[in-house]
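Reading the structure
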Amino acid sequence: MSTVTSLKVLSEREDRYVEGHRLCAGCAEPIIARQILMATEKPVVVSNATGCFEVSSSIYPFTSWNVPWIHSAFENAAATISGVEAAYLSLKRQGKITEDIRFITFGGDGATYDIGFQAISGAIERGHRFMYVCLNNEAYMNTGIQRSGATSRGAQTTTCPAGTCIPGKREFPKDLTKIIIAHDLPYAAQASPHNYKDMIEKSAKGFEANGPAFLNVISPCPRGWRHDSAKTIEIAKLAVETCVWPLYEFERGEWRLTGESLRIAEGSRQKLPVSDWLKSQGRFGHLTKEKWKFVADEIQANVDSKWQELLRLCKH
Amino acid sequence: MEKVAMNGDQVIALAWKQIDPDVVAAYPITPQTIIVEAFSEYVADGLVNTEYVCAESEHSAMSMCIGASASGARTATATASAGLAFMWEMLYIASGMRLPIVMAVANRALSGPINIHCDHSDAMGARDSGWIQIFGENVQEAYDNSIMAFRIAEHMDLRLPTMTCLDGFIVTHSLERFEPLPDEVVKKFVGPFKYKRSLLDVKNPTTFGPFDWTDFYFEHKYQQVDAMRHVIPVMEQVQDDFAKVSGRRYNIIEPYRLDDADYAVVAMGSTAGTLKDIVDELRAEGKKVGSIKLRLFRPFPAQELAKILQGLKGVAILDRAVSIGASGPLFPEVRSALYDAKDRPKLKNYIYGLGGRDIKPEELKHVYKQLIYNEGELVNFLGVRA
Ligand SMILES: Cc1ncc(C[n+]2csc(CCOP(=O)(O)OP(=O)(O)O)c2C)c(N)n1
Ligand code: SF4
Ligand SMILES: [Mg+2]
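Definitions and cut-offs
- Residues numbered from 1 in each chain as written.
- Chains lettered and ligands numbered in written order.
- Predicted model: local features only at pLDDT ≥ 70, side-chain atom pairs only at ≥ 80, totals over all residues.
- Heavy atoms only, no water.
- Near = heavy atom within 4 Å.
- Polar contact = N/O pair within 3.5 Å; in protein donor to acceptor, adjacent residues only side chain to side chain.
- Areas by Shrake-Rupley, 256 points an atom, 1.4 Å probe, with all protein chains shown as cover.
- Helix = DSSP H or I, 4+ residues; strand = E, 2+ residues; numbered from the N terminus.
- Nonpolar A, V, L, I, M, F, W, Y, C, P; charged D, E, K, R; others polar.
- Phe/Tyr/Trp six-rings, centres within 6.5 Å; stacked < 30°, edge-to-face > 60°.
- Lys NZ or Arg CZ within 6 Å of the ring centre and 35° of its normal.
- Pairing = 2+ DSSP bridges.
- Axes fitted to C-alpha atoms, helices over the stretch in contact; angles between N-to-C directions.
- Contact = heavy atoms within 4.5 Å.
- Expected span 1.5 Å × (residues − 1).
- Buried < 20%, exposed > 50% of the residue type's maximum accessible area, 1.4 Å probe, protein only.
- Salt bridge = Lys/Arg side-chain N within 4 Å of Asp/Glu carboxyl O.
- Domains from an automatic or database assignment.
- Buried area = accessible area lost by both parts, 1.4 Å probe.
- Parallel < 35°, antiparallel > 145°, perpendicular 65-115°, else oblique.
- Left-handed = near helix turned anticlockwise from the far one by under 90°.

All names here are of chain A. Close to ligand 1 lie 17 residues; E29, C52, G110, A111 and M141 are nearest. Between ligand 1 and E29, the relevant distance is 2.7 Å, taken from an oxygen atom to a side-chain nitrogen or oxygen of the residue. Interatomic distance of 3.0 Å between a side-chain N/O atom of D109 and an oxygen atom of ligand 1. Summarising the interface, the protein chains cover 77% of the accessible area of ligand 1, which totals 600 Å² for the free molecule. Looking at which element gives the most residues to the shell around ligand 1, the answer is helix α5 (residues 109–114), with three residues. Along the lines of polarity and charge, the residues of the shell around ligand 1 split into seven nonpolar, seven polar and three charged.

Here it is as C-alpha cells:
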C-alpha cells in the first residue's frame, strides 16, 4: 500500500518534467503530470500520445523531459509503451538490464476515448505493466478545440458549435473509466489535480499495480473551456463537488469513492448543483438562455443518475 | 548443411529462431500467417529469449516495434497487404526515428475487391516510407534475406528499417528444398545488437520522437536521404560476407545470360525465377535474350541498373503492381535511370499478375517476341480480359 507523502517530501523529489514547455498559462496538464511523476521514486519511462502535452514539451532541440520519453503518434501511445515494456522484459530476462523501471503513458481524451482506444484496450488485455494516464480536457485542444467522445453534452467546441438550432454537443460523454474497468484490470481511478494527495496516492497504487493501471484525470483547459487561467484548480474542484467528475477507484474488483466524493456520499459535504459548474465556463455560456434550459436540466439528471449508480457500485 | 523442405514462411520463422530477436510484435494476415504461427511454436517451446507480443492490430504491432527498437531491442515483425497498409503511418515514424526494425512482407494484393493472392501493390505503397526494400525470388532467398536484413538494417552507417519481400503463396506457401545454416553460423553472422541510445537507459534520459518545426524537419529528412545513399555499399559487403559463410552469392541486381544479349526482361520476386527458364528455352532457339532480377528496390540502384541495361536493344519491365492512372511503379524508375545512358534500349512496361493471376510461360515468351519485333504499347497488360 502507498503511504501519504507530505508536500515537503514531494518537493524534495527530482523534477521529472521541467520548465520551458510551451503549454498555455493555467493549463492543468503539466500540473497533473508533475504530480503523478512524483508518486514513485523508481525510474520511469514515459510514452506520450500526440496532443497539447506532447507538442509543447518536446520542441526540438529542446525538451522538458528529465526522464526517458517517447512519442510516436496520436493513436498508439499504449502500443508504443507495450513495445517498450516488451523490450524491458526481454532484456531483463537476458540480464542486460537490472533496474526496476516503471512505465507510464500520457494521452489526451482524444487519444484515449477515441482514436487510441483500441491500442489501450489491447495493451490492458495483454497485461503489460504500465499506467495509462488520460489528461482529460474534454476535447481535441491541440487542433483547436474540436469535440471528442469525452466532450460534455451541451459544451460548445469548434466542431459542435452552439448554433441557433443545435446547442453544442448533443451527446453525453462515454463513461470511459467504466469501460476500462470492464477489462478487469488491477487498478483504475478517476482523479483531479485540485486534490493532489488523492491523485498522488492513486498514482502510487497505479505504479505498483503489477499490471495495467488506468488513471482518468480531469484537466481544465482555459483556452477550450473559456475560463480565467487562474481558475484551473478551482474549476477542477467544482467538477468533483458537483459530482460531474466523481473521485473513485477500482482496486482488484472493489469500487471505492475517495476525497470529496466520499465525503459527499457520507453526507459530510454538500453536493453542489451542476449549474455552478456550467456557469464557471464559457463553453456552456449559451445554456443560460431560456431556450436551452432543458439541456442544463438533462445534464443535471444525467449527473444524478450516474452518481446514484456509482454509490451503488461503491456500496453506499 | 543438408537440404530440407520448408515453405517461405516457415524459413523466416526459422531464421528468427536462429537470430533470437529480443522482441517480435506481429498480427496475423494471410499469406504471412504461417510465420507468426511457426514462431509462436518456438516461443512456446522455450527455444528463444524473444518477448513475443500478439498485437491487437498491425498498427499497434509496428508501434510496439518502434517502442521496442528505441529501447535497444533487436526487433522483427511480418505482415502483408492490408496489414502493411494499416501500418503506413508508422512506417514513416520507424524510419524517421532511424530504428533498424526488420520486417518480412508476404506480398499480397490490396483490397478492394478483397483478394488474398500475390502482387506487389502492398510493398509499392510503402516505397516512399524510408525503408530499405529487398525482394526475394524463392524459399532459399526468403531465408537468406531474412538473415542478411538484420546486418543491413543495423549497420551503424544506416540504421534504417528493412523490409524483405517474398511473393504471397508463390513463395510463402510453396514447399521447396532449401539449405539452412547452422545456428552458430547465423548467430555469429548477425552478431550482437548495438545501439547508440536506448530509451531504457534511465541514467541518460533521451527524448525520442520530438516535435520538429520548419527549422529542423527538412534536415532530419535529409539525414535519412543521406543514410539511404550508403545502403548499396553496405548491402554489397553483407552479401560478400554472406557468400563466405553460406557459399551463396547474391547481388543487388542479378543479370541472367545477358553478356551477348540484345533483349532483356526485368522482374522482381518469383517471376524473376520463371524468366530464367524462358531465357533458356529462347536461347535454345538461338534468340539473344537474357533477364534481370532486381533484388533491391529501395534505395533504387539507378546507376547500377543503367550500366547493365545500356547497349541492349529492348528491355521490358515487368510490374506486379499498377499505379492507376500512370504505369507500373517500377517502369518509370528504370526509364528515368536510363535517361542519361549512352545507348538507350527501347523500353516497354508489362503489368501482370495482379491479385495472384498466374503468369504463364507463353505470356513471358510473348513479351520477348514483342521486344524483338518492337510490337505492343508503351504500357501493356498481360493476361487480363479487357
Ligand atoms: C492520425 C491522426 N489524426 C489526427 C491528428 C491530428 N491531431 C493531433 S493532436 C489531436 C487532438 C488531440 O486531442 P487530445 O488527445 O484530447 O489531446 P489535447 O491536445 O486535448 O491535450 C489531433 C486531432 C493526428 N496527429 N494524427
Ligand atoms: S489549449 Fe488547453 S490543453 Fe492545450 S495547452 Fe492550452 S490550456 Fe493546455
Ligand atoms: Mg483533449
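Turning our attention to the packing of aromatic side chains. Scanning the entire structure with this criterion turns up 25 aromatic pairs over all chains. Measuring from ring centre to ring centre gives 5.0 Å for F211 of chain B and W213 of chain B, while their planes differ by 85°; the resulting arrangement is edge-to-face. Through a chain of ring-to-ring contacts, the aromatic side chains of Y17, F53, W65, W69 and F106 of chain A assemble into a single cluster. For R298 of chain B, the ring lying beneath its charged end belongs to F297 of chain B, and the centroid distance is 4.6 Å. Lying over the aromatic face of Y339 of chain B, R344 of chain B brings its terminal NZ or CZ to 5.5 Å of the ring centre.

Right, let's get into the site of ligand 2. Near ligand 2 the following residues occur: L23, C24, C27, C52, N137, M141, C221, P222 and R223 of chain A. Class assignment for the residues of the shell around ligand 2 results in seven nonpolar, one polar and one charged.

Let us look at the sheet that holds strand β2 (residues 23–26) of chain B. All names here are of chain B. Spatially, the seven strands line up as an open sheet ordered β3-β2-β4-β5-β7-β6-β13, and their pairing is mixed. The sheet is open, and its two edges are formed by β3 (51–54) and β13 (296–298), each paired on a single side. Neighbouring strand axes in the sheet, compared pairwise and without regard to direction, differ in orientation by 20° on average. As defined by bridge partners, strand β5 (residues 102–107) adjoins strand β7 (residues 162–167) across six bridges and the pair is classed as parallel. Note that in β7 the partner of V105 across the bridge is C165. Contacts from helix α2 (residues 33–44) reach β2, β3, β4 (75–79) and β5 within the one sheet, and its direction differs from that of β3 by about 135°.

Residue and element names in this part refer to chain A. Between the first and last C-alpha of helix α8 (residues 196–207) there are 16 Å, a value that for 12 residues agrees with the 16 Å anticipated at 1.5 Å per step. Of all the 12 residues making up α8, nine are buried; the element is thus mostly covered by neighbouring parts of the structure. Looking only at α8, the buried set comprises D198, M199, I200, K202, S203, A204, K205, G206 and F207.

Below, the discussion takes up the interface of chain B and chain A. On the chain A side, the residues contacting the 41 residues of chain B number 44 residues. At the junction of chain B and chain A, the tally comes to three salt bridges. The salt bridge partner of E99 of chain A is K203 of chain B, with a shortest N-O separation of 2.9 Å. Where chain B packs against chain A, one counts 17 residue pairs in polar contact (both at pLDDT 80 or more). Sorting the residues of the side of chain B that touches chain A by element identifies β3, α3 (58–70), α5 (88–96) and β9 (207–208) of chain B as the ones contributing at least two each. Here the side of chain B that touches chain A is composed, by residue class, of 21 nonpolar, 13 polar and seven charged. Here strand β2 (residues 69–71) of chain A pairs with β9 of chain B via two bridges, running parallel. Across the sheet, the residue bridging to W69 of chain A is T207 of chain B, located in β9 of chain B.

Spatially, nine strands are ordered β8(A)-β7(A)-β5(A)-β6(A)-β4(A)-β3(A)-β1(A)-β2(A)-β9(B) in an open sheet, and the strand pairing comes out mixed. Single-partner strands in this sheet number two, and they are β8 (254–257) of chain A together with β9 of chain B. Two elements, strand β1 (residues 44–48) of chain A and strand β3 (residues 102–108) of chain A, share five bridges in a ladder whose sense is parallel. Considered in β3 of chain A, the bridge of V44 of chain A is made with R102 of chain A.

On to the environment of V289 of chain B. All names here are of chain B. You can see V289 is positioned in strand β12 (residues 289–294). Between the C-alpha atoms of V289 and G314, which are 25 residues apart in sequence, the distance is 9.7 Å. Other than its neighbours up to four places away in sequence, V289 contacts R257, A261, Y263, V279, L282, R283, Y368 and I372.

For the rest of this paragraph, the subject is the domain arrangement of chain B. Residues and elements named next belong to chain B. Considered domain by domain, chain B is made up of domain 1 (4–244) and domain 2 (253–382). Distance from the C-alpha centre of domain 1 to the C-alpha centre of domain 2: 28 Å. Contacts between domain 1 and domain 2 engage 28 residues on the former and 24 residues on the latter. Sorting the residues of domain 1 by area buried against domain 2 places R127, E137 and I232 first, and these three jointly supply 28% of that buried surface. Counting every contact that joins domain 1 to domain 2 gives five salt bridges. Between K293 and E137 there is a salt bridge, with the nearest N and O atoms lying 2.8 Å from each other. Viewed at the interface, domain 2 and domain 1 are joined by 15 residue pairs in polar contact (both at pLDDT 80 or more). Secondary-structure elements contributing two or more residues to the side of domain 1 that touches domain 2 are α6 (121–124), β6 (132–135), α7 (139–154) and α10 (231–246). Considered class by class, the residues forming the side of domain 1 that touches domain 2 number 14 nonpolar, eight polar and six charged.

Let's shift gears to the side chain of N145 of chain B. On the secondary structure map, N145 of chain B appears in helix α7. Every residue in contact with N145 of chain B, bar those within four places of it in the chain, is listed here: I134, F135, G136, T164 and R295 of chain B.

The final tally for this structure, using the stated rule, is 50 salt bridges over all chains. For D175 of chain A, the salt bridge goes to K306 of chain A, with nearest N and O atoms at 3.2 Å. Taken together, the residues D175 of chain A in the loop between β4 (131–136) and α7 (176–181) and K306 of chain A in helix α13 (residues 293–313) connect sequence positions 131 residues apart. On the accessibility criterion, K306 of chain A (36% relative accessible area) is partly exposed. Between R298 of chain B and E333 of chain B there is a salt bridge whose closest N-O contact spans 2.7 Å.

On to the packing of α7 of chain B against α10 of chain B. All names here are of chain B. Look at α7 against α10: their axes get within 10 Å of each other, and the N-to-C directions meet at 130°. By the criterion of interaxial angle, the relationship of α7 to α10 is oblique. Considering the relative orientation of α7 and α10, their crossing is right-handed. Residues D144, I147, M148, R151 and I152 of α7 pack against V234, M235, V238, Q239, D241 and F242 of α10. Among the residues forming the contact of α7 with α10, the class breakdown is seven nonpolar, one polar and three charged.

What follows is about the environment of A25 of chain A. Residues and elements named next belong to chain A. As for its position among the elements, A25 is in the loop between α1 (7–12) and α2 (28–37). For the pair A25 and A119, spaced 94 residues apart in sequence, the C-alpha to C-alpha distance is 31 Å. Discounting residues that sit within four places of it in the chain, A25 has contacts with P222 and S229.

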